[in-house]
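# Descriptive structure summary
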Amino acid sequence: MRTVTLGSQGLRVAQQGLGCMGMSEFYGAGDDAESVATIHRALDLGVTLLDTADMYGPHINEELVGRAIADRRDQVVLATKFGIVRDPADPTVRGVSGRPEYVRAACDGSLRRLGVDHVDLYYQHRVDPTVPIEETVGAMAELVAAGKVRYLGLSEAAPATIRRAHAVAPISALQTEYSIWSREPEAEILPTLRELGIGFVAYSPLGRGFLTGTVRSDASLAADDFRRGMPRMQGENLDANLAVVAEIEKLATEKGVTPAQLALAWVHHQGDDIVPIPGTKRRHYLEDNVAAAAVTLTADESARLAAAGEAVTGARYPDMSLVNR
């Protein structure tokens, strides 16, 4: 797998990473042994960027990733996030914090759970509108100076926020949802990142699995699968969005690839500064995803996929208040 640069500060990663969130929460029951095997297989196949966060679980996903990489730390570009605060008594209740003292405490907690002395890429998971971004990023920069963090990132931040943050300390990567059916970053975010020399990490590049054709109704999802509450996978939206999947499946059949490989190939073809991090907790899906890096698209094929995605209906989240701040 090719290696690419994220940002202008020297961060190098494989062209595709692995999102680890679903190994511990949100997508039904997990299997820690299979998840660890999936991480090991990813490293064997040349994947380097592993993505987790303190809120996944909460906390147990970092512990899982830490166990998986304990004897392979030198093969990993380790990314985690802070900023979404979950109520210990009721983890469904969430807030955000960008307070400097919270930033420092969150980092120490992540290092402890991951079993490492530094994180390679540390993101603010969501922007806290009550704390100036300059204060939050200033605290993040202190972590770099202390050797606890190598590179800094933001997630779901608006262009003006990105500029303000980058003026305080170099931001190497922005993470935001991006896929055939989530192309909002193309309007302002990607141009801003390219102007400033910041890399782009695309989460949910498979539309939370929907673009692979494996979700036809909520009946196929576990009772605790958070996708049951996603607007795009409900009612009339779901029925309409299956037409997007049908077009992906049609072209995938023509090319002799899987829908997942085609959807990932589309993201790869949007620029070498974009690194998708498809999530999975199973080795066979991982292997399918990694093979997407070798799939080429013609200009016409890419345009067909983009046109199909324009027909999507429904918001990305039930509550969009935590994104694009």
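Nothing here was measured: the structure is a model prediction, and the numbers come from that model.

## Description of the sheet that holds strand β11 (residues 199–203)
- If you walk across this open sheet you meet the eight strands as β3-β4-β5-β8-β9-β10-β11-β12, and the pairing is parallel. Edge strands, defined here as strands with exactly one partner in the open sheet, are β3 (18–19) and β12 (274–276).
- The strands touched by helix α6 (residues 189–196) are β10 (173–177), β11 and β12; relative to β11, the strand with the most contacts, the crossing angle is about 145°.

## Structural notes on the layout of surface pockets
- By volume, the second largest pocket is sized at about 240 Å³.
- Mapped onto the lining of the second largest pocket, the elements with two or more residues apiece are β6 (84–87) and α3 (100–114).
- Looking at the lining of the second largest pocket element by element, the count peaks at six residues for α3.
- Looking at the lining of the second largest pocket residue by residue, the class counts come to nine nonpolar, two polar and five charged.

## Describing the packing of aromatic side chains
- Using the criterion set out here, one finds five aromatic pairs in the structure.
- Seen in terms of ring centroids, F26 and Y56 are 6.5 Å apart; in terms of plane orientation they differ by 85°. Their pairing is edge-to-face. With F26 in the loop between β3 and α1 (32–44) and Y56 in the loop between β4 (49–51) and α2 (60–69), this residue pair connects regions lying 30 residues apart in the sequence. There is no split in this pair, since F26 and Y56 are both buried.

## Digging into the UniProt feature "domain: NADP-dependent oxidoreductase" (unreviewed entry) in the protein chain
- Following the UniProt record, the feature "domain: NADP-dependent oxidoreductase" (unreviewed entry) maps to residues 17–308 here.
- Between the end C-alpha atoms of residues 17–308 there is a gap of 25 Å, over a span that is 40% helix and 16% strand.

## Describing the nonpolar core
- Formed by 76 residues in total, the largest nonpolar core has its most connected members in L18 and I39.
- Tallying contributions element by element places helix α8 (residues 259–268) first for this core, with seven residues.
- Apart from residues lying up to four places away in sequence, L18 is in contact with M23, I39, A42, V47, L49, L50, D51, I277, P278, T280 and L286.
- If you look at the next biggest cluster of nonpolar residues, it comprises 18 residues, including L121, Y151, V201 and M230.

## Observations regarding the packing of α2 against α3
- Viewed as axis vectors pointing N to C, α2 and α3 meet at an angle of 45°, and their least axial separation amounts to 7 Å. Taken together, the axis directions place α2 and α3 in an arrangement best described as oblique. On α3, the residues touching E62, E63, V65 and G66 of α2 are S110, R113 and L114.

## A word on the environment of R113
- Structurally, R113 can be placed in helix α3.
- Its relative accessible area of 15% is what places R113 among the buried residues.
- Along the chain, R113 and N61 lie 52 residues apart, while their C-alpha atoms are 9.0 Å from each other.

## Brief notes about empty space enclosed by the protein
- Inspection of every chain in the model, using the stated rule, returns three cavities of 30 Å³ or more.
- Taken as a whole, the largest cavity encloses approximately 50 Å³ of empty space.
- Looking at the largest cavity, the residues that line it are E177, W181, R208, M230, R232, M233, A315 and R316.
- Considered class by class, the residues forming the lining of the largest cavity number four nonpolar, no polar and four charged.

## Things to note about unusual backbone geometry
- A cis amide bond links G57 to the next residue, P58, at an omega of -10°.
- We note that H59 has phi near 75°; this positive angle belongs to a residue other than glycine.
- You can see H59 is positioned in the loop between β4 and α2.
- H59 sits in the partly exposed class, given a relative accessible area of 37%.
- Positive phi outside glycine occurs at N324, with the angle close to 60°.
- Looking at the element boundaries, N324 is found in the segment after α10 (299–309).
- Residue N324 is classed as partly exposed on the basis of its relative accessible area, which comes to 47%.

About the thresholds
Residues numbered from 1 in each chain as written. Predicted model: local features only at pLDDT ≥ 70, side-chain atom pairs only at ≥ 80, totals over all residues. Heavy atoms only, no water. Pairing = 2+ DSSP bridges. Helix = DSSP H or I, 4+ residues; strand = E, 2+ residues; numbered from the N terminus. Contact = heavy atoms within 4.5 Å. Axes fitted to C-alpha atoms, helices over the stretch in contact; angles between N-to-C directions. 1 Å grid on protein atoms, 1.4 Å probe; cavity = no way out; pocket = protein on both sides within 12 Å on 5 of 7 lines; lining within 4 Å. Points joined across faces, edges and corners; volume = space filled by probe spheres on them. Nonpolar A, V, L, I, M, F, W, Y, C, P; charged D, E, K, R; others polar. Phe/Tyr/Trp six-rings, centres within 6.5 Å; stacked < 30°, edge-to-face > 60°. Buried < 20%, exposed > 50% of the residue type's maximum accessible area, 1.4 Å probe, protein only. UniProt positions renumbered as here; feature names shortened; annotations may be inferred. Core = buried A, V, L, I, M, F, W, Y, C linked by side-chain atoms within 4.5 Å. Parallel < 35°, antiparallel > 145°, perpendicular 65-115°, else oblique.

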